[in-house]
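# Understanding the architecture of this molecule
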Amino acid sequence: MSAARRCSPPRALAGLFIWHLKKTGIRQVPCHFVHLCRVANDRLITFQYFNFLKRMYVTQYNKDLSQRAKPKSDSVASLFRESQQLDQEKKVIHKIIPISPVHQPLSKTSNRNELREMKLAAEIGGSATPLRAESKEERQWKEMKLRLDDLPGILARLSKIKLTALVVCTASAGFAMAPVPFDLTCFLLASLGTGLASCAANSINQFFEVPFDSNMNRTKNRPLVRGQISPLLAVCFAASCGVPGIALLALGVNPLTGALGAFNIFLYTCCYTPMKRMSIANTWVGAVVGAIPPVMGWTAATGSLDAGALLLGGILYSWQFPHFNALSWGLREDYSRGGYCMMSVTHPGLCRRVALRHCVALIGLSTVAPVLDITTWTFPIISLPINLYISYLGFRFYRDADRSSSRKLFFCSLWHLPMLLLVMFSCKKSLLEKEEKGDLHGGNHGRAMEIRLP
Amino acid sequence: GKSPALGGRLRGSAVGKEGKGRVGRSEQRRACAAERLGGARGGGPAFRPPAHSRHDWIGPPDRLSNLRPVIFHVPQDESALERRLREARQDTQAWNQQFWAQQNASFQQEKEEFIYSRLKAKGLAVRDETGQKATLNAEEMADFYKDFLSKNFRKHMRYNRDWYKRNFTITFLMGQVALVRALRWLRWKKKNVGN
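All residue numbers here refer to positions counted from 1 along the written sequence of the relevant chain. Written order decides the labels, with chains lettered from A and ligands numbered from 1. It should be noted that, the model being predicted, local features are given only for residues of pLDDT at least 70 and side-chain atom pairs only at 80 or more, the latter also being counted only at that level, while totals for whole chains, interfaces and linings use all residues. With hydrogens and water set aside, each side-chain value is computed from the structure's full complement of heavy atoms.

As annotated in an unreviewed UniProt entry, chain B carries the name Cytochrome c oxidase assembly factor 8 and comes from Anser brachyrhynchus. UniProt positions are given in the numbering used here, feature names are shortened, and annotations may be inferred rather than shown by experiment. According to its UniProt record, chain B has this under Sequence similarities (unreviewed entry): "Belongs to the COA8 family." Quoted straight from UniProt, the Subcellular location (unreviewed entry) entry for chain B says "Mitochondrion inner membrane".

For chain A, an unreviewed UniProt entry supplies the name Protoheme IX farnesyltransferase, mitochondrial and the organism Anser brachyrhynchus. Reading the Subcellular location (unreviewed entry) entry of the UniProt record for chain A gives the comment "Mitochondrion membrane". Of chain A, the UniProt comment under Function (unreviewed entry) reads exactly: "Converts protoheme IX and farnesyl diphosphate to heme O."

Here is the structure:
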């Protein structure tokens, strides 16, 4: 691969690492180190990786997170922040230089330029000679030409493929919990349709939010922000995912599921996305958006909106609040500057109360499950520990209202949901039990008939 | 020796580096780089795309607005529709740049003022012994964020509405241009196949 000659793949990779790190937090550090070592062995190491290491160094070091914890890469920085960033840059660069001769760069010219840049940056302390700055800036300009081999990665980021995968998982959970015999084709069609619908919705969301995403650290490396894809192509991609997705659901599964899918896309793109900048009620609308996929899974299996579907939707709805409120707690500055109306910014007390309220509601909803004959009574008992734990973290968040408690609650919500769904599935009331119960009431005649027949 | 144009473009220390009277390969490369970054010192667009390129070029995020500037390619045979599209995009880019640069600058400034006034009210110095700026904790900053958001609410609403309108217009124009180009290509193909 001629990637070594181009700077963009390593930079794109580094950008992805940084985005990933910022998104998933410090816990993911070990995985990234492994990946980094693997890439280093491929001899694609460049200055961008050292930059990445510097960021991780900063993030890990400043456990006590105040306003200046994470140096923002390209945003407006006060003079103070810039000088601090450069101090750390100098420190790390002095560490790095002894290592660099060991790694033989594949593309000598580009790496020589970069090593020269590093040394100069160390010497001059940030104000590189005009020529170095010029060539560096010049290389940051990219031609807006779509390369076909970049397209899959770009589309994956455009459709927020990881979030889509989680959405498909919750829809599958809804399908699995439905009290009907398992139909593989229906399951696959429903999952595919839901995935396509989710891709479409996410792409339209990114299409609407380009200038806002540019200004927030979490989202500034999205494809439309970086100009890797044109808005027209993003819309066409969304249409080419959404239309087949909904058609698949409506025609291949059942019309109810298709209608729910279409409604969910509408809710997310036309209600939630604009509302983010208008009123804090957007969080509740967003929670409904998250609750619909398991309902879709259920209706795909059974064809009707039962109480069970609504319960599953209710569990997902309640889960959204501790998850999102905890996440948004650390992004208050970005939200405020970008003009987003979030509870964490305008009504911080309400934000924490609602998160706690819904953690406790999860316990209640888990108890309702056996009442509705979806699971056995072991489910509320087994799920009680994890529900109590997330409620405890929700209470800590409510009381302490600081960054560490919000992060703990957020990370807990990430494993709490899959575990809850898994426990729910394992405690699912089997069809056999239900049939036996049914026989007791009305099947005796049948059995008696059987005996009488010769 | 060096041509006067070359000497004129290579400003500052760039010339001194290579010594006088020697136009080596590296100097030519640097000359091209300096030419491309022509207006840098003068404050104009800092980058000029290579002449053979037929695409737009997108740059690093702007320091003030965090938006990435785009240099639009003007083709020789630009149609009226294509010109309308390009002008719409240029106009939106300038408008966005102006809004966000002003927004971020005022946010930063108001934030500093808020921190300063709060620290003063608490009787603390702005910089502590080590020379680092003192900061407020997240709870205290929350008051500022809430205030900033409510103060600028109407401005944000107006910006929202305008941004959605512009975004749709540009994308629709892009669609029209793409359609016209596709039809033109099909007609050309048919003509060539016919021949």
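Residue and element names in this part refer to chain A. One way to put it is that helix α8 (residues 161–177) packs onto helix α19 (residues 403–426) with a least axis distance of 10 Å and a crossing angle of 15°. With respect to α19, the element α8 is oriented roughly parallel. You can see that α8 and α19 cross each other, and the crossing is left-handed. Each of Thr170, Ala173, Ala176 and Met177 in α8 lies in contact with α19, whose residues at this interface are Leu417, Leu421, Met424 and Phe425. Gly counts as polar in this scheme, as do all residues outside two lists: the nonpolar Ala, Val, Leu, Ile, Met, Phe, Trp, Tyr, Cys and Pro, and the charged Asp, Glu, Lys and Arg. Residue composition of the contact of α8 with α19, by class: seven nonpolar, one polar and no charged. Throughout, an axis means a line fitted to C-alpha atoms (over the contacting stretch in the case of helices), and angles, computed between N-to-C directions, take values from 0 to 180 degrees. The helix count covers DSSP runs of H or I at least four residues long, the strand count covers runs of E at least two residues long, and both are numbered beginning at the N terminus. We call two directions roughly parallel when the angle between them is under 35 degrees, roughly antiparallel when it is over 145, roughly perpendicular when it lies between 65 and 115, and oblique otherwise. Put simply, a crossing is left-handed when the front helix is turned counterclockwise from the back one by less than a right angle, and right-handed when it is turned clockwise. Residues are treated as being in contact if the distance between any of their heavy atoms lies within 4.5 Å.

This part covers helix α6 (residues 153–194) of chain B. In a helix, the anticipated span is given by 1.5 Å times the number of residues less one. For α6(B), with 42 residues, the first-to-last C-alpha span of 61 Å sits near the 62 Å given by 1.5 Å per residue. Using a 1.4 Å probe on the protein chains alone, a residue whose accessible area is under 20% of its type maximum counts as buried, one over 50% counts as exposed, and one in between counts as partly exposed. Regarding α6(B), the residues found buried are His156(B), Tyr159(B), Asn160(B), Trp163(B), Tyr164(B), Asn167(B), Ile170(B), Thr171(B), Leu173(B), Met174(B) and Val177(B). Contact partners of the buried residues in α6(B): α9 (184–208), α10 (210–214), α11 (231–253) and α12 (255–275) of chain A together with α4 (80–122) and α5 (138–151) of chain B.

Turning our attention to the side chain of Ser383(A). All names here are of chain A. Relative to the helices and strands, Ser383 resides in helix α18 (residues 378–400). Pairing of N or O atoms within 3.5 Å defines a polar contact, subject to two protein rules: one partner must be a possible hydrogen donor and the other a possible acceptor, and residues neighboring in sequence count only if both atoms are side-chain atoms. A distance of 2.9 Å separates a polar atom in the side chain of Ser383 from the backbone oxygen of Phe379. If sequence neighbours within four positions are ignored, Ser383 has contacts with Ser366, Leu420 and Val423.

It is worth spelling out the packing of aromatic side chains at this point. The aromatic pairing rule takes the rings of Phe, Tyr and Trp, using the six-membered ring of Trp, and pairs them if the centres are within 6.5 Å, calling planes under 30 degrees apart stacked, those over 60 edge-to-face and the rest tilted. Scanning the model with the defined rule gives 27 aromatic pairs over all chains in all. Centre to centre, the rings of Phe107(B) and Tyr145(B) are 6.2 Å apart; their planes meet at 5°, and the pair counts as stacked. With Phe107(B) in helix α4 and Tyr145(B) in helix α5, the pair connects residues that are 38 residues apart, well separated along the chain. Residue class for Tyr145(B) comes out buried when judged on its relative accessible area of 3%. Positioned above the aromatic ring of Tyr340(A) is the side chain of Arg277(A), whose terminal nitrogen or guanidinium carbon lies 5.4 Å from the ring centre. Here, a charge over a ring means that NZ of Lys or CZ of Arg falls within 6 Å of the ring centre while also lying within 35 degrees of the ring normal. For Arg166(B), the ring lying beneath its charged end belongs to Trp95(B), and the centroid distance is 4.3 Å.

A few words now on the UniProt feature "transmembrane region" (unreviewed entry) in chain A. The UniProt record marks residues 163–182, 256–273, 280–301, 377–397 and 409–426 of chain A with the feature "transmembrane region" (unreviewed entry), using the residue numbering of this structure. Helix makes up 100% of residues 409–426 of chain A and strand 0%, whereas the separation of the span's terminal C-alpha atoms amounts to 25 Å.

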